[in-house]
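Now for the letters of each chain:
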Amino acid sequence: MRRFTSFVASALLIGICTLPAVSAENDAVTPVEEFSRQIDQLKNTFTELEKKIEDSAKTIDGMTDVEKARQEIESLRAIVGELLGPVSDNGPVAQLGAKALRHARDKLKSLEQETRFTREEQQYLVGEWRKLVEETERAASDLGMARSEFVGLLRVLQTREDFIDELMQIRRASEAVRVIRQLANDIRAASDALKNLIRAIKPPGV
Amino acid sequence: MRSLARAILGVGLMFGLVACTDDVGYVEVKTFPGFNLPLYLDTVKLEAPFKNGSAVVRQQIGKTKLQLEHGGQFLPLCEFEVRKNRIVTVQLRIAGFERVPRCELRK
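Residues numbered from 1 in each chain as written. Chains lettered and ligands numbered in written order. Predicted model: local features only at pLDDT ≥ 70, side-chain atom pairs only at ≥ 80, totals over all residues.

The helix and strand tally for chain A stands at seven helices and zero strands. Along its sequence from the N terminus, chain A presents helices and strands in the succession α-α-α-α-α-α-α. Per-residue burial over chain A gives 29% buried out of 206 residues. Summarising the internal contacts of chain A: among those between residues at least 6 apart in sequence, 79% fall at separations of at least 24. (Helix = DSSP H or I, 4+ residues; strand = E, 2+ residues; numbered from the N terminus. Buried ≥ 20, exposed ≤ 12 C-beta atoms within 10 Å, placed from the backbone. Contact = placed C-beta atoms within 7 Å.)

Looking now at the nonpolar core. In this structure, Val80(A), Leu84(A), Leu143(A), Phe150(A), Leu154(A) and Ile180(A) are the most contacted members of the largest nonpolar core, which totals 54 residues. Elements with a minimum of two residues in this core: α3 (31-61), α4 (66-87), α5 (92-112), α6 (119-169) and α7 (173-200) of chain A together with β1 (24-30), β4 (54-60) and β7 (87-93) of chain B. The greatest single-element share of this core, amounting to 12 residues, is contributed by α6(A). In this structure Leu84(A) touches Arg147(A), Phe150(A), Val151(A), Leu154(A) and Tyr26(B), once residues within four positions along its chain are discounted. (Core = buried A, V, L, I, M, F, W, Y, C linked by C-beta atoms within 7 Å.)

This next bit is on the sheet that holds strand β2 (residues 39-41) of chain B. Residue and element names in this part refer to chain B. Reading across the sheet, the four strands line up as β3-β2-β5-β6 and stay open at both edges, with antiparallel pairing between neighbours. The sheet terminates laterally at β3 (44-45) and β6 (73-82), the two strands that pair on one side only. Sheet topology places β2 next to strand β5 (residues 62-70); three bridges connect them, and they run antiparallel. Bridge pairing in β5 places leucine 41 opposite leucine 66. (Pairing = 2+ DSSP bridges.)

Here the focus is the packing of α4(A) against α6(A). All names here are of chain A. With their axes 9 Å apart at the nearest point, α4 and α6 run at an angle of 160° to one another. In terms of orientation, α4 and α6 fall into the roughly antiparallel class. Considering how the two elements wind past one another, α4 and α6 form a crossing that is left-handed. Partitioned by chemical class, the residues of the contact of α4 with α6 number 16 nonpolar, one polar and five charged. (Axes fitted to C-alpha atoms, helices over the stretch in contact; angles between N-to-C directions. Parallel < 35°, antiparallel > 145°, perpendicular 65-115°, else oblique. Left-handed = near helix turned anticlockwise from the far one by under 90°. Nonpolar A, V, L, I, M, F, W, Y, C, P; charged D, E, K, R; others polar.)

The sheet built from four strands is open, its strands ordered β4-β1-β7-β8 (chain B) with mixed pairing. The sheet is open, and its two borders are formed by β4 and β8 (102-106) of chain B, each paired with just one other strand. Pairs of neighbouring strands in the sheet enclose a mean axial angle of 25°, with direction left out of account. The pairing of β1(B) with β4(B) spans seven bridges and is antiparallel. Counterpart to Val29(B) in the pairing with β4(B) is Ala55(B). Across the face of the sheet, α6(A) comes into contact with β1, β4 and β7 of chain B while running at roughly 110° to β7(B).

Residue and element names in this part refer to chain A. For α5, with 21 residues, the first-to-last C-alpha span of 30 Å sits near the 30 Å given by 1.5 Å per residue. Regarding α5, the residues found buried are Val93, Ala94, Leu96, Gly97, Ala100, Leu101 and Ala104. Around the axis of α5, the buried residues are gathered within 155° of arc, so they sit on the same side. In this structure, α5 carries Arg102, Asp106, Lys109 and Ser110 as exposed residues pointing more than 90 degrees from its buried face. Those residues of α5 hidden inside the fold are in contact with α3, α4 and α6. (Expected span 1.5 Å × (residues − 1). Arc of directions from axis to C-beta.)

What follows covers the confidence of the model for chain A. Here chain A shows a mean pLDDT of 85. Residues at 70 or above account for 86%. Segment residues 1-27 of chain A: pLDDT under 50, and 18 contacts once partners within four positions in sequence are set aside and those in other chains are kept. (pLDDT = per-residue confidence, 0-100.)

With that settled, consider the pairing of β8(B). Residues and elements named next belong to chain B. With zero of its five residues buried, β8 lies for the most part at the surface. Note that β7 and β8 share five bridges and pair antiparallel. Note that in β8 the partner of threonine 89 across the bridge is arginine 106.

Turning next to unusual backbone geometry. In this structure, Arg171(A) is a non-glycine residue whose phi angle is positive, near 55°. Tracing the sequence through the fold places Arg171(A) in the loop between α6 and α7. With 9 C-beta atoms counted inside 10 Å, the residue Arg171(A) sits in the exposed group. At Asn85(B), a residue that is not glycine, the phi angle is positive and equals roughly 55°.

Take the environment of Arg58(B) next. Within the fold, Arg58(B) resides in strand β4. Sequence-wise, Arg58(B) and Val24(B) are 34 residues apart; in three dimensions their C-alpha atoms are separated by 6.5 Å. Excluding its chain neighbours within four sequence positions, the residues that come into contact with Arg58(B) are Gly85(A), Ser88(A), Asn90(A), Gly91(A), Val24(B) and Tyr26(B).

The next point concerns the packing of α3(A) against α7(A). Residues and elements named next belong to chain A. Orientation of α3 relative to α7, taken along the N-to-C sense of each, is 160°, at an axis distance of 9 Å. One element, α3, and the other, α7, form an angle in the roughly antiparallel class. Classified by chirality, the crossing of α7 by α3 is left-handed. From α3, Lys43, Phe46, Thr47, Glu50, Ile53, Glu54, Ser56, Ala57, Ile60 and Asp61 reach across to α7, where they touch Ile180, Arg181, Leu183, Ala184, Ile187, Arg188, Ser191, Leu194, Lys195 and Ile198. Taken together, the residues of the contact of α3 with α7 break down into 10 nonpolar, three polar and seven charged.

Here it is as structure tokens:
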């Protein structure tokens, strides 16, 4: 029983820590399909969080309490961190993208040398895999652009937050409020750019 | 005995959850044209593709050392603090006759 309990505990821990990676290990699904599925899920997450960013910009815009505004900026950083995590270069989706691309290119190469099928069959398969390679490359590049946008937004948030801190240290509350208003505009601009970017991301093979 | 095991399990799960969740920040590493030595954050190799010479990686918060590996040895380049949900940019530069790149940090 004790052994069983510790097995369950280990399984739970491993399960919790490897949530996004588990399905990637499934042999029945090609890495390209898995990448496509993950992008679909990611787009939903992006869209939900995008809404939160917009709401946050609205809230910040009306604020005169600097301390509350700082807390709001801090939670916004957490949201942007959540967006950046999966698409960072060592994040699960970016790594799956690299794996999918490798798989699609290898598959294309092996089909080009295939002799089992008729010429028409081979050309059809090669054509389809070539399309998949292109779409996977495009999706990976779109995620790369999203990564740059999130990095940019995170940087704006943290430098503005630091500046507000500095202003508060020299008791310049009204100047800090002006900076907060300006930040709300910056966030809205970034949010519009993100919206277009997220809409444009297309999973391969769809 | 069983209640002790349960307590240990509970604490273990709690620590497990903390260990694999949120306390992370980001490091952006920018290299210069022609740079092709393997880089490490602490002892973890940066496998990132360095598209256009830059990569963004998730990193546990705390003091982090950027090192390069040359001839099987680690050469520390700089040390910096990674803070929760913040990004640190490390730009590598090489000047004149220097053999080892220097870090410029932007926090």
